[in-house]
Amino acid sequence: VQLQAFGGGLVQAGGSLRLSCAASGRTFSNYVVAWFRQAPGKGREFVAAIRWNSRHTYYADSVKGRFTTSRDNAENSVILQMNSLKPEDTAVYYCAASRNIIVSSYRNENGYSNWGQGTEVTVSS
């Protein structure tokens, strides 16, 4: 499956952004779709994941209660709604997908075989 992430931009602290990860080539059925981010000078970190079929979601502690990931059936895409944004959320955000990944690996970038290009999110203070 080919992925495309979009929706990034510049926002003030406390604001909101909505990222989308669209699939082409096939549907997200039976996939786990995850969001990772990479801040300048830092490694890539897990943000959130959703199991498409069951809609079960998983979040990093740093975004729990502020970010929500969900599926958009009509658009065959996954949404990351980001609220109450903080300057430390500034990063390039990537979506990734895998059909063969176990729950214990959801937070590990090495578990994902399909990646979209990043979309940049900048939160000003």
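Residues numbered from 1 in each chain as written. Predicted model: local features only at pLDDT ≥ 70, side-chain atom pairs only at ≥ 80, totals over all residues. Heavy atoms only, no water.

**Student:** What am I meant to see in the pattern of salt bridges here?
**Tutor:** A pair can form between side chains of opposite charge whenever their charged atoms are brought close. Counted according to the given criterion, the structure contains 5 salt bridges. One salt bridge in this structure joins arginine 37 and aspartate 89, with 2.9 Å as the shortest N-O distance. You can see arginine 37 sitting in strand β4 (residues 32-38) and its partner aspartate 89 sitting in the loop between β8 (77-82) and β9 (91-98), a full 52 residues away along the chain. With respect to class, arginine 37 is no different from aspartate 89; both count as buried. The shortest N-O distance in the salt bridge between aspartate 89 and arginine 66 comes to 2.7 Å. Taken together, the positions of aspartate 89 in the loop between β8 and β9 and arginine 66 in the loop between β6 (57-59) and β7 (67-72) put the pair 23 residues apart, joining distant regions of the chain. Neither residue differs from the other here; aspartate 89 and arginine 66 are each classed as buried. Several salt bridges share partner residues, and in doing so they unite Arg37, Glu45, Arg66 and Asp89 into one network. (Salt bridge = Lys/Arg side-chain N within 4 Å of Asp/Glu carboxyl O. Helix = DSSP H or I, 4+ residues; strand = E, 2+ residues; numbered from the N terminus. Buried < 20%, exposed > 50% of the residue type's maximum accessible area, 1.4 Å probe, protein only.)

**Student:** I would appreciate a short explanation of the packing of aromatic side chains in the present structure.
**Tutor:** Both the distance between ring centres and the angle between the ring planes are used here to describe each pair of aromatic rings. Under the defined criterion, the tally for this structure stands at 8 aromatic pairs. Seen in terms of ring centroids, phenylalanine 36 and phenylalanine 46 are 5.8 Å apart; in terms of plane orientation they differ by 75°. Their pairing is edge-to-face. Within this pair, whereas phenylalanine 36 is found in strand β4, its partner phenylalanine 46 is found in strand β5 (residues 44-51), the two being separated by 10 residues in sequence. By relative accessible area, which is 1% here, phenylalanine 36 ends up buried. (Phe/Tyr/Trp six-rings, centres within 6.5 Å; stacked < 30°, edge-to-face > 60°.)

**Student:** Explanation requested: the environment of asparagine 53 in the structure shown.
**Tutor:** Considering the arrangement of structural elements, one finds asparagine 53 in the loop between β5 and β6. The class for asparagine 53 is partly exposed, based on a relative accessible area of 45%. For the pair asparagine 53 and phenylalanine 67, spaced 14 residues apart in sequence, the C-alpha separation works out to 20 Å. Only 2.7 Å separates the side chain of asparagine 53 from the side chain of asparagine 30, close enough to count as a polar contact. (Polar contact = N/O pair within 3.5 Å; in protein donor to acceptor, adjacent residues only side chain to side chain.)

**Student:** How should the nonpolar core be read in this particular structure?
**Tutor:** Proteins that are soluble and globular tend to have nonpolar side chains buried together. Within the largest apolar cluster, 39 residues are counted, with the highest numbers of intra-cluster contacts made by Phe28, Trp35, Leu80, Met82, Tyr93 and Tyr112. Contributions of two or more residues to this core are made by β1 (2-6), β3 (17-24), β4, β5, β8, β9 and β11 (119-124). Setting aside residues up to four positions removed in sequence, phenylalanine 28 forms contacts with Leu3, Cys21, Ala22, Ala23, Val33, Trp52, Asn76, Ser77, Val78 and Ala97. (Core = buried A, V, L, I, M, F, W, Y, C linked by side-chain atoms within 4.5 Å. Contact = heavy atoms within 4.5 Å.)

**Student:** Would you explain the side chain of asparagine 114 in this entry?
**Tutor:** Examined against the element boundaries, asparagine 114 turns out to sit in strand β10 (residues 114-115). Here the side chain of asparagine 114 touches serine 113 through a polar contact of 3.2 Å, side chain to side chain. In contact with asparagine 114, other than residues within four places in its own chain, are Val1, Leu3, Tyr31, Cys95, Ala96 and Ala97.

**Student:** Looking at this model, I keep getting lost on the sheet that holds β1. Mind explaining?
**Tutor:** Strands pair in a sheet through their backbones, by hydrogen bonds, and they do so in one of two ways: parallel or antiparallel. The antiparallel open sheet is built from 4 strands, whose spatial order is β1-β3-β8-β7. At either margin of the open sheet sits one strand with a lone partner, and together these are β1 and β7. Shown here is a sheet whose adjacent strand axes are inclined to one another by a mean of 15°, direction ignored. Across 6 bridges, β7 lies against β8 in antiparallel orientation. Paired with aspartate 72 across the two strands is serine 77, which belongs to β8. (Pairing = 2+ DSSP bridges. Axes fitted to C-alpha atoms, helices over the stretch in contact; angles between N-to-C directions.)

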